[in-house]
Each structure stands twice: as structure tokens, then as C-alpha cells.
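For reference, the chains in residue letters:
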Amino acid sequence: FTSSSRGAMGDISGSWICSHADNMEKFMEAVGMSWMMRKAASGFGFGVGKQKAKITGGAPGSTDVIVVNIDPTGKETTVELKTDGLEYPKEGPFGGQGKVKTVWEGNILAQRFTSDAGDKVIDIRRSMEGDKLVFDLSCNGVAARRTFTRT
């Protein structure tokens, strides 16, 4: 997980909606989400057809990418990703404190969160597959995938 040259990922800026989710229940369990939270997410279909994302600054070579996630209830969460390869203290994507590092790896926007306790490493890799934005997620060997379509 190193800072390498930025690739021609294609501009991921724009408005997106989750169109597919694979293995999210096991992934959420791996990151430490409670049974109740996993069941609630399952009840919302893990956001398929409901969760939206607005991304600005997502062109290759940008050093700041801002993602506004809108959950199925309409709640917005803003995440600023600094792609300078440095580690920053941050709350994890599913809670807990740690450090996050975001870099361009060729055509992939790669983010790694490492918990302060050292018990969790969460990777989020964003890339384009055709006209779809794909989030490949992993935590301690458990993988999941979310696919987003432009709106």
C-alpha cells in the first residue's frame, strides 16, 4: 500500500446510487458491527437502490476527493479523502479510532484504515468498471463489493 503514480481512472465525480452489493453481512461482521446493525442494513438491502453518493474532486491527479454519502434514511455524511499518501487520525468507516491513508494506485483510489487497537485493517478500493463505480472492500481477509451507477 504505497503512494504510486496516479493513473487514468476516469473522473468519478458526480452523483451515484448503489446498484449492487455482495457479501456485505459478512464484511460488516468482520468490521465489528453488531448483529442489530447488520440486520438493519440487511433490511435496507445494504443500500441497493437507496444509498447515494456525491463525489467532487474525483478526477485523476486530484489531491482532495470529497465524498458525501447519503444513507437510505436521507442522512448525509461527508468524508474528505486526502490522496497525499500520509496517514491521518480518523474515525473508522464503521466506528472506532485509527489512522487512514489514501493514495492513487494506478487507476485505483485506495484507502486503508488501521484501527488504533491494531485489530482491524479495512481497505476500500474505488475503481471504474465501464460506466460503474466499484468499491472493493476488505477487512481482515473478508471481502465485499458495492457497485454504483451514475444518476
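A few points on the structure.

Thresholds, definitions, all that
Residues numbered from 1 in each chain as written. Predicted model: local features only at pLDDT ≥ 70, side-chain atom pairs only at ≥ 80, totals over all residues. Heavy atoms only, no water. Helix = DSSP H or I, 4+ residues; strand = E, 2+ residues; numbered from the N terminus. Buried < 20%, exposed > 50% of the residue type's maximum accessible area, 1.4 Å probe, protein only. Areas by Shrake-Rupley, 256 points an atom, 1.4 Å probe, with all protein chains shown as cover. Core = buried A, V, L, I, M, F, W, Y, C linked by side-chain atoms within 4.5 Å. Contact = heavy atoms within 4.5 Å.

Moving on, we get to the overall build of the chain. Of the regular secondary structure elements, the chain holds two helices and 10 strands. In the chain, the order of α-helices and β-strands from amino to carboxyl end is β-α-α-β-β-β-β-β-β-β-β-β. Taking all 151 residues of the chain together, the buried fraction comes to 38%. Of the accessible surface of the chain, which amounts to about 7,700 Å², a share of 53% is contributed by carbon and sulfur atoms.

The next subject is the nonpolar core. Nonpolar side chains in soluble globular proteins generally cluster together in the buried interior. The biggest cluster of nonpolar side chains holds 28 residues, and the ones touching the most others in it are Trp16, Met24, Phe27, Ile55, Ile122, Leu133 and Leu137. Examining the composition of this core, we find that four residues originate from one element, strand β9 (residues 132-139), more than from any other. Apart from the residues lying within four places of it in its own chain, the contact partners of Trp16 are Gln51, Lys52, Ala53, Ile55, Met128, Asp131, Lys132, Leu133, Phe148, Thr149, Arg150 and Thr151.

Limitation: the analysis is restricted to geometry and does not speak to function.
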